[in-house]
Amino acid sequence: MPLDVAQVCAQLIRFDTTNRGGGDSAGEREAAEHVAALLQDNGVQPMLLEPAPRRTNVLARIAGTDPSLPALLVQSHLDVVPADPAEWSFDPFAGEIRDGFVHGRGAVDMKDMAAMTLAVINRWHTEGRRPRRDIVLAFVADEEDQGAYGAHWLVEHHAAYFAGVQAAISESGAFSYDVDGVRLYPIGTAERGTSHMKLTATGRAGHGSRRNDQNAVTALATTLARIAAHQHPVRLTPTVEAFLVGAGKALGVEVDLDDVDATLARLGPAAKLAENTVRCSTTPTMLQAGYKVNVIPGTATAQLDVRTLPGTVDELVATIDSLLPPGVTREFLEHQPPVEAPVDTPWFTAMADALRDEDPAAAVVPYCLGGGTDAKAFSRLGIHCYGFSPLRLPVDFDYRAMAHGVDERVPVAGLEFGVRVLDRFLSS
């Protein structure tokens, strides 16, 4: 019996795989076991791997009909970010299907992709079909933290399993984005790097009532204000340049690459897909200092969410260093470089063709993700990673607000569209 992709997505949502970070997680085991059972039911033999109790990954490989072709990796993560039920209008883990949507945490980030992949495999099994190339499947843990129990661990300890893989697809791309009646479908071909930093200001501890020219809190606050006010220069990567040119052509908008800010203004709503990726960013997010109001502490710390574009890491770190006064130091808490896959490849062409086969009006463009995914792990193996999780969405549906947001949901019709597109692409 064919799998109903909406039902598969809803069932995956019902497994609470909340990842609170720092190793604190509900665990992915039950969801992983469910995925493994569905794979077995459809003639695919899975392998379950646990680097730590309940932090479960599923790997599988489907042999293609032409072993001379390079293999393709399809990867999804099974964990989700926390959801506070008090903020939601429905149970985040009930997996309800109503009003044409599947509701719940993980609906778009990214149990939808896992469900669509499983539905395609079920199609192949029931119809007696096989893909042309080997398809490697990875349903992984811990993407919502640092991947230490998921993709990065797999790359470090099971790299041989991905032998022969040339490209990969995963989340955050190929969703429809309506701009004045034009449907853009941005395929992720790059993502900014994640270089979270901790700043530490040191000074002289003392009584809060007394003059102190070496106040660590003051030094840190002044430094953060300087960093927050710094305007990073435009740095156009091949992906972002291709997006601006492609989106401008599709929308009939003049594109001036020498004045990117003005071009973004002319792009209207489409600018949201690029405005965070024309520059690097250094955003203060956390502060810690002191233990009593009348005591000047000897140290004060802050954390920065630092995002880097391909080719800019050294420049950005040097810029931050130039903004730090004596007595304020920095250290990396996480340092994952940006990644970028080529646009002018048969992989991108095949993805675009699969989208246009299902939606002839699709305007397909590459784009750079402002955040990060497990592409950073698999890129270390020389794999070209693309954001390709196809969904056709209602015009008024704010897809980009769903991931990590309240009342997360995904349209059933969008999932069904995605299954058809994935089937075309994975069978090509």
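Residues numbered from 1 in each chain as written. Predicted model: local features only at pLDDT ≥ 70, side-chain atom pairs only at ≥ 80, totals over all residues. Heavy atoms only, no water.

By the naming in an unreviewed UniProt entry, the chain is Acetylornithine deacetylase/Succinyl-diaminopimelate desuccinylase, taken from Lentzea albidocapillata. According to UniProt, the comment filed for the chain under the heading Cofactor (unreviewed entry) is "Zn(2+)". (UniProt positions renumbered as here; feature names shortened; annotations may be inferred.)

(A) Molecular detail of the overall build of the chain. Regarding its fold elements, the chain presents eleven helices and 22 strands. Its C-alpha atoms put the chain at 80 × 55 × 45 Å along the principal axes. Taken across its 428 residues, the chain has 54% of its residues classed as buried. Long-range pairs, those at least 24 residues apart, make up 79% of the contacts in the chain between residues at least 6 apart in sequence. Surface accessibility of the chain: about 17800 Å² in total, with carbon and sulfur atoms responsible for 50%. In the chain, which carries 37 positive and 55 negative side-chain charges, the distance between the mean positions of the two groups comes to 3 Å. (Helix = DSSP H or I, 4+ residues; strand = E, 2+ residues; numbered from the N terminus. Buried < 20%, exposed > 50% of the residue type's maximum accessible area, 1.4 Å probe, protein only. Contact = heavy atoms within 4.5 Å. Areas by Shrake-Rupley, 256 points an atom, 1.4 Å probe, with all protein chains shown as cover. Lys, Arg positive; Asp, Glu negative; His and termini not counted. Charge placed at Lys NZ, Arg CZ, Asp CG, Glu CD.)

(B) Molecular detail of the domain arrangement of the chain. Partitioning the chain into domains gives domain 1 (5–172 + 373–427) and domain 2 (194–336). Here the C-alpha centre of domain 2 lies 32 Å away from the C-alpha centre of domain 1. Contact with domain 1, which involves four residues of that partner, is made by five residues of domain 2. Across the domain 1 to domain 2 interface the summed buried area is about 430 Å²; carbon plus sulfur atoms make up 42%. Broken down residue by residue, the surface that domain 1 buries against domain 2 is led by Gln 146, Lys 376 and Arg 400, which jointly contribute 88%. Connecting domain 1 to domain 2 are zero salt bridges. Viewed at the interface, domain 2 and domain 1 are joined by two residue pairs in polar contact (both at pLDDT 80 or more). Taken together, the residues of the side of domain 1 that touches domain 2 break down into no nonpolar, two polar and two charged. (Domains from an automatic or database assignment. Buried area = accessible area lost by both parts, 1.4 Å probe. Salt bridge = Lys/Arg side-chain N within 4 Å of Asp/Glu carboxyl O. Polar contact = N/O pair within 3.5 Å; in protein donor to acceptor, adjacent residues only side chain to side chain. Nonpolar A, V, L, I, M, F, W, Y, C, P; charged D, E, K, R; others polar.)

(C) The state of the cysteines, seen in detail. Taken as a whole and judged by the stated rule, the model has zero disulfides. The thiol of Cys 385 is unpaired, and the distance to the nearest cysteine sulfur, on Cys 368, comes to 13 Å. Overall, the relative accessible area of 11% leaves Cys 385 in the buried class. (Disulfide = S-S within 2.5 Å.)

(D) Region of the structure containing the sheet that holds strand S7 (residues 101–103). Spatial strand order, S6-S7-S22: three strands in an open sheet with antiparallel pairing. Two strands in the sheet have a free side with no partner beyond their single neighbour: strand S6 (97–98) and strand S22 (409–411). As defined by bridge partners, S7 adjoins S22 across three bridges and the pair is classed as antiparallel. Bridged to Val 102 within S22 is Val 410. Along the sheet, helix H1 (residues 5–14) contacts S6, S7 and S22; its crossing angle with S7, the most-contacted strand, is approximately 10 degrees. (Pairing = 2+ DSSP bridges. Axes fitted to C-alpha atoms, helices over the stretch in contact; angles between N-to-C directions.)

(E) Expanded view of the side chain of His 232. Among the secondary structure elements, His 232 is positioned in the loop between helix H5 (216–229) and helix H6 (238–251). Residues in contact with His 232, not counting those within four places in the same chain, are Arg 279, Cys 280, Ser 281, Thr 282, Leu 316 and Thr 319.

(F) Quick look at the packing of aromatic side chains. Summed over the entire model, instances satisfying the criterion amount to eight aromatic pairs. With a centroid separation of 5.4 Å and 90 degrees between ring planes, the pair formed by Trp 88 and Phe 90 is classed as edge-to-face. In this pair, the class of Trp 88 matches that of Phe 90, namely buried. Across from the ring centre of Phe 101, 5.9 Å away, lies the NZ or CZ of Arg 409, which sits over that ring. (Phe/Tyr/Trp six-rings, centres within 6.5 Å; stacked < 30°, edge-to-face > 60°. Lys NZ or Arg CZ within 6 Å of the ring centre and 35° of its normal.)

(G) A look at the UniProt feature "domain: Peptidase M20 dimerisation" (unreviewed entry) in the chain. When the UniProt feature table is mapped to this numbering, "domain: Peptidase M20 dimerisation" (unreviewed entry) covers residues 190–323. As a span, residues 190–323 carries 35% helix and 25% strand, and end to end its C-alpha atoms are 28 Å apart.

(H) The arrangement of the pairing of strand S3 (residues 47–52) in detail. Pairing of S3 with strand S4 (residues 55–62), which is carried by four bridges, proceeds in the antiparallel orientation. For Leu 49, the partnering residue across the bridge sits in S4 and is Asn 57. The hairpin turn running from S3 into S4, its antiparallel successor, is two residues long, and Arg 54 in that turn takes a positive phi close to 75 degrees.

(I) Representation of the nonpolar core in the model. In terms of nonpolar packing, the biggest core is built from 112 residues, with Leu 39, Ile 169, Leu 267, Phe 388 and Phe 425 touching the most fellow members. Of the residues forming this core, the biggest block, nine residues, is contributed by helix H3 (residues 111–127). Lining this core are residues from two domains, each supplying at least three of them: domain 1 (5–172 + 373–427) and domain 2 (194–336). Sequence-distant contacts of Leu 267, that is, excluding residues within four places in its chain, are made with Val 179, Phe 243, Leu 244, Ala 247, Gly 248, Leu 251 and Val 253. Counting 20 residues, the second largest nonpolar core, distinct from the first, contains Leu 49, Leu 154, Phe 162 and Ala 377. (Core = buried A, V, L, I, M, F, W, Y, C linked by side-chain atoms within 4.5 Å.)

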